[in-house]
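Residue-level listing of the chains:
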Amino acid sequence: MVFESLSEKLQNALGKLKGRGKLTEKDVDLAMREVKLALLEADVNFKVVKKFIKDVKQRAIGSEVMESLTPGQQVVKIVNEELTSLMGEKESKLEFSPTPPTIVLMCGLQGAGKTTTAGKLANLLKKQNKRPLLVACDVYRPAAIKQLQVVGEKVDVPVFSMGDKNDPVDIAKAAVEHGKRNGNDLIIIDTAGRLHIDENLMDELEGIKNGVNPNEILLVVDSMTGQDAVTVAETFNDRLGITGVVLTKLDGDARGGAALSIRSVTGKPIKYVGMGEKLDELRAFHPDRMASRILG
Ligand code: GDP
């Protein structure tokens, strides 16, 4: 399970403080050193770790905590609050357009889980009474269009496609018009990915963005790629101004660093997490629940 090792190490480090009646600054320092190592091993971004430890220490070493009846528990509480704040404080919901349709542009590297996530999102929001339309804008791999069609069929959501002979920007624009005519209040655009970030991909995504003016630009990143996921998020955000992140494959044994770093590094929230290959395995991301899960 994701965070298993981090969770164990944090609980171990903080457990030493918990039962104590009195704490010295040195006790806190030692525990924080262990916390720092655990976070680094979990692949949390170095700068993020540094700031996190500094923030926790600043709060923990104050006399209010040290002289309280349960200093250890107070420190654990502070770590919990800072972990939560690191991941964005509270759930960040999808922003719907006041004038439908809401347009969601999905982007990300190949294999991150874009197409699957597009289907999952359509499935989830359909259950919330939206009328989604999935749009196939990956014109480079014929299999990609087929894959989206299969996903659409499974979740019973229509898929708009113009084959692979058209420009993605034109397809996206035509899809929005089609959606408006057909009463779709949610348009989810699946785009092409590449194995690595490249200029052509960014140009194309920027073209689609300028062409349809999406309400949300969701970057799909694979949590298994650790620090790379954070770099990818930074690059896409600088270039496109993403509005949120979907972190996939959190059901795997990723070390979890991406989940803990992305918000802090990019300033953009994780909106959803992928918890499996099935099309109902997408969840809203709750920083507070995640922090509590990590700290046990
Ligand atoms: P794309 O290239 O970005 O469109 O990626 P796909 O949607 O084709 O997904 C790539 C692979 O990751 C597929 O085998 C998916 O089933 C798998 N996948 C996507 N999301 C998740 C997830 O949350 N958990 C797991 N375990 N697998 C996922």
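Going by the structure above, here's the rest.
The structure displayed is predicted, hence computed values, not measured ones.

Trainee: What exactly am I supposed to notice about the environment of Val273 here?
Mentor: Looking at the element boundaries, Val273 is found in strand E7 (residues 270-274). By relative accessible area, which is 4% here, Val273 ends up buried. Between the C-alpha atom of Val273 and that of Asp29, which follows or precedes it by 244 residues, the distance is 33 Å. Excluding anything up to four places from it in sequence, Val273 contacts Leu247, Leu250, Glu281, Leu282, Arg283 and Phe285.

Trainee: Before we go on, may I ask you to explain the side chain of Thr115 in this structure?
Mentor: You can see Thr115 is positioned in helix H6 (residues 114-126). Accessibility expressed as a relative area gives 8% for Thr115, which makes it buried. The residues contacting Thr115, other than those within four sequence positions of it, are Gln147, Leu148, Val151 and Asp190.

Trainee: Help me understand the site of the ligand in this model?
Mentor: Neighbouring the ligand are 17 residues, the closest being Gly111, Lys114, Thr116, Asp251 and Glu277. At a separation of 2.9 Å, an oxygen atom of the ligand approaches a polar side-chain atom of Thr115. Taking Glu277, its side chain carries an N or O atom lying 2.6 Å from an oxygen atom of the ligand. Here the ligand, which alone exposes 590 Å², has 80% of that area covered by the protein. For the ligand, the cavity whose grid points lie within 2 Å of the majority of its atoms is the largest pocket. With four residues, H6 is the largest single contributor of residues to the shell around the ligand.

Cut-offs applied
Residues numbered from 1 in each chain as written. Predicted model: local features only at pLDDT ≥ 70, side-chain atom pairs only at ≥ 80, totals over all residues. Heavy atoms only, no water. Helix = DSSP H or I, 4+ residues; strand = E, 2+ residues; numbered from the N terminus. Buried < 20%, exposed > 50% of the residue type's maximum accessible area, 1.4 Å probe, protein only. Contact = heavy atoms within 4.5 Å. Near = heavy atom within 4 Å. Polar contact = N/O pair within 3.5 Å; in protein donor to acceptor, adjacent residues only side chain to side chain. Areas by Shrake-Rupley, 256 points an atom, 1.4 Å probe, with all protein chains shown as cover. 1 Å grid on protein atoms, 1.4 Å probe; cavity = no way out; pocket = protein on both sides within 12 Å on 5 of 7 lines; lining within 4 Å. Sits in = over half its atoms within 2 Å of the grid points.

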